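The chain contents come next:
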Amino acid sequence: MPANGTPLLFTIATRMMLAALPMPWGCVLAGVAGLVAGSYVNWAVYTLAWNARPISPWAGAHPEAPARRRLDRLPVLGWVGMRREAVLHGERFWLRPMVIELLLAAGWAGLYWWEVDR
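What follows is about the overall build of the protein. When its secondary structure is counted, the protein shows 5 helices and 0 strands. Its helices and strands in sequence order give the protein the pattern α-α-α-α-α, from N to C terminus. Looking at the protein residue by residue over its 118 residues, the buried ones come to 26%. When the accessible area of the protein is evaluated, it comes to approximately 8,200 Å², of which 69% is carbon and sulfur surface.

What follows is the structure, encoded as C-alpha cells:
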C-alpha cells in the first residue's frame, strides 16, 4: 500500500486505464476535468474571500442582478452570458474567471500529455 493509503492495485489500475486512452481523448477528458475544476476554483475565489462577492454563478445572486440562467453555470460559456451583470460588478469582471477556467483546462490537458506521452 502506498504512503497515502490508496491500495496499490487501484493506483496501478487507474493509471493503466488513463494511459490506455488514445492521446487526443485523454487530453480532451483532462481538459474537461480542468474546466470543472476551474468552476470550483472560481466559486472558492469569490465565495470564500475575506470580502465575499456574489459574482460566481454557483453562489447566490446579487439582489439587483438579473435572474441567473442554467447556462450561466457552464464553464467558460457561462461567463460570456454573465456579462449582463457588468453594471453591478465592473465592465470586464467576467474575463478573469473565464481565463482561470481556460488555463486550468489547458494545464490539465498539458499535464496529461506530459505524464502519459513524453
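Look at Val-76: it is not a glycine, yet its phi comes out positive at around 65°. On the secondary structure map, Val-76 appears in the loop between helix H2 (23-47) and helix H3 (77-81).

Turning our eyes to something else, we now look at helix H5 (residues 95-117). Each turn of an α-helix holds 3.6 residues, which means side chains three or four residues apart point in the same direction. Here H5 contains 23 residues, and its C-alpha end-to-end distance of 32 Å stays within 8% of the 33 Å for a straight helix at 1.5 Å per residue. Listing the buried residues of H5 in full gives Pro-97, Met-98, Glu-101, Ala-105, Ala-109 and Tyr-112.

All right, on to the nonpolar core then. With 8 residues, the main nonpolar core is built from Tyr-46, Ile-55, Val-76, Trp-79, Met-82, Phe-93, Trp-94 and Met-98. Dropping the residues within four chain positions of it, Trp-94 is found in contact with Trp-79 and Arg-83.

This next bit is on the packing of aromatic side chains. Taken as a whole, this structure holds 1 aromatic pair when the rule is applied. Centroid distance Trp-113 to Trp-114: 6.2 Å. Interplanar angle 55°. Geometry classified as tilted. Trp-113 sits in the partly exposed class, given a relative accessible area of 40%. Exposure remark for Trp-114: the relative accessible area of 43% places this residue in the partly exposed category. The aromatic ring of Trp-94 is capped on one face by Arg-83, whose charged end is 5.5 Å from the ring centroid.

Once that is clear, we can look at the environment of Ala-61. Summarising the element assignment, Ala-61 is placed in the loop between H2 and H3. Once you skip the residues sitting within four places of it in the chain, Ala-61 turns out to touch Pro-54 and Arg-68.

The next thing to look at is the pattern of salt bridges. Here the structure, examined in full by the defined rule, presents 3 salt bridges. A salt bridge links Glu-85 to Arg-68; the shortest N-O distance between them is 3.0 Å. Note that Glu-85 is positioned in the loop between H3 and helix H4 (86-89) and Arg-68 in the loop between H2 and H3, a separation of 17 residues in sequence. Two residues, Asp-72 and Arg-84, come together in a salt bridge whose shortest N-O distance is 2.3 Å. Here Arg-84 lies in the loop between H3 and H4 and Asp-72 lies in the loop between H2 and H3, a separation of 12 residues in the sequence. Here Arg-84 falls in the partly exposed class, since its relative accessible area comes to 25%.

Reading the values: the criteria
- Residues numbered from 1 in each chain as written.
- Predicted model: local features only at pLDDT ≥ 70, side-chain atom pairs only at ≥ 80, totals over all residues.
- Heavy atoms only, no water.
- Helix = DSSP H or I, 4+ residues; strand = E, 2+ residues; numbered from the N terminus.
- Buried < 20%, exposed > 50% of the residue type's maximum accessible area, 1.4 Å probe, protein only.
- Areas by Shrake-Rupley, 256 points an atom, 1.4 Å probe, with all protein chains shown as cover.
- Expected span 1.5 Å × (residues − 1).
- Core = buried A, V, L, I, M, F, W, Y, C linked by side-chain atoms within 4.5 Å.
- Contact = heavy atoms within 4.5 Å.
- Phe/Tyr/Trp six-rings, centres within 6.5 Å; stacked < 30°, edge-to-face > 60°.
- Lys NZ or Arg CZ within 6 Å of the ring centre and 35° of its normal.
- Salt bridge = Lys/Arg side-chain N within 4 Å of Asp/Glu carboxyl O.

All quantities given are derived from atomic positions and should not be read as evidence of function.
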